[in-house]
Amino acid sequence: VQLQASGGGLVQAGGSLRLSCAASGRTFSRYAMGWFRQAPGKEREFVATITWSGGSTYYADSVKGRFTISRDNAKNTVYLQMNSLKPEDTAVYYCAATLSVLATTNRLYDYWGQGTLVTVSS
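Residues numbered from 1 in each chain as written. Predicted model: local features only at pLDDT ≥ 70, side-chain atom pairs only at ≥ 80, totals over all residues. Heavy atoms only, no water.

Asks: Sorry if this is basic, but what is going on with the pattern of salt bridges here?
Replies: Pairing is possible between side chains of opposite charge, provided their charged atoms come close. Applying the stated criterion to the full structure yields four salt bridges. We note a salt bridge from Arg37 to Asp89, for which the minimum N-O separation is 2.9 Å. With Arg37 in strand 4 (residues 32-38) and Asp89 in the loop between strand 8 (77-82) and strand 9 (91-98), this residue pair connects regions lying 52 residues apart in the sequence. Here Arg37 matches Asp89 in class, with each residue buried. We note a salt bridge from Asp89 to Arg66, for which the minimum N-O separation is 2.7 Å. (Salt bridge = Lys/Arg side-chain N within 4 Å of Asp/Glu carboxyl O. Helix = DSSP H or I, 4+ residues; strand = E, 2+ residues; numbered from the N terminus. Buried < 20%, exposed > 50% of the residue type's maximum accessible area, 1.4 Å probe, protein only.)

See below:
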C-alpha cells in the first residue's frame, strides 16, 4: 500500500482544514487507517484511527470533539476533518495503514505517507 497525504496549509486559529490520504493498491479496504502528527522538536503522536469498514473510530483526547476521521473505500481515501484548530495543532500530519484494530502506537503501522504540514496561526 502506498499512501499520499494532502490538504495541509496555513489556517488561523478557530479555522478548519480537511486532510486527505489517497492509497494505491486493491487491498486498501483490508487496512485500518490512522493519522499521526509530529510537531517540531517533538515525537510523533497518535491523532485518530478508523477500522477497515469505517464502523469504529478512536481519537486522542487532545483532538476529540474537534477532529473527525472517515474513509471512502470506493475511492481508496481516508480523511481527517479538523475543526476549531488551535496553534498547538501545528505539525506535520501523517497517514498510516495497519492490520491492527484501533491501534494507537507507531510500531503497529506498516505503511506511512509522506506527511502534510498544517500550520495554525494565533
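Asks: Can you walk me through the sheet that holds strand 1 (residues 2-6) in this structure?
Replies: One key point about sheets: their strands pair by backbone hydrogen bonds, in either a parallel or an antiparallel sense. Judged by pairing direction, the sheet is antiparallel, and its four strands sit side by side in the order 1-3-8-7 without closing on themselves. The open sheet terminates on both sides in strands that have one partner only, identified here as strand 1 and strand 7 (67-72). Averaged over all pairs of adjacent strands, the angle between strand axes in this sheet comes to 15 degrees, irrespective of strand direction. By the bridge criterion, six bridges tie strand 7 to strand 8 in an arrangement that is antiparallel. Residue pairing for strand 8: Ile69 is matched across the bridge by Leu80. (Pairing = 2+ DSSP bridges. Axes fitted to C-alpha atoms, helices over the stretch in contact; angles between N-to-C directions.)

Asks: So what exactly am I meant to see when it comes to the pairing of strand 11 (residues 116-121) here?
Replies: Remark: a regular strand shows side chains that alternate across the two faces of the sheet. Here strand 11 shows a clear split, with Thr116, Val118 and Val120 buried on one side and none of Leu117, Thr119 and Ser121 buried on the other. Alignment of strand 2 (residues 9-12) against strand 11, held across four bridges, turns out to be parallel. Within the sheet, the bridge partner assigned to Gln12 lies in strand 11 and is Ser121. In this structure, strand 9 lies alongside strand 11, joined through three bridges in antiparallel fashion. Bridge pairing links Ala91 to Val118 in strand 11.

Asks: What's the story with the environment of Gly25 in this structure? I'm lost.
Replies: Following the sequence through the fold, Gly25 ends up in the loop between strand 3 (17-24) and strand 4. You can call Gly25 partly exposed: its relative accessible area is 40%. Between the C-alpha atoms of Gly25 and Ser56, which are 31 residues apart in sequence, the distance is 23 Å.

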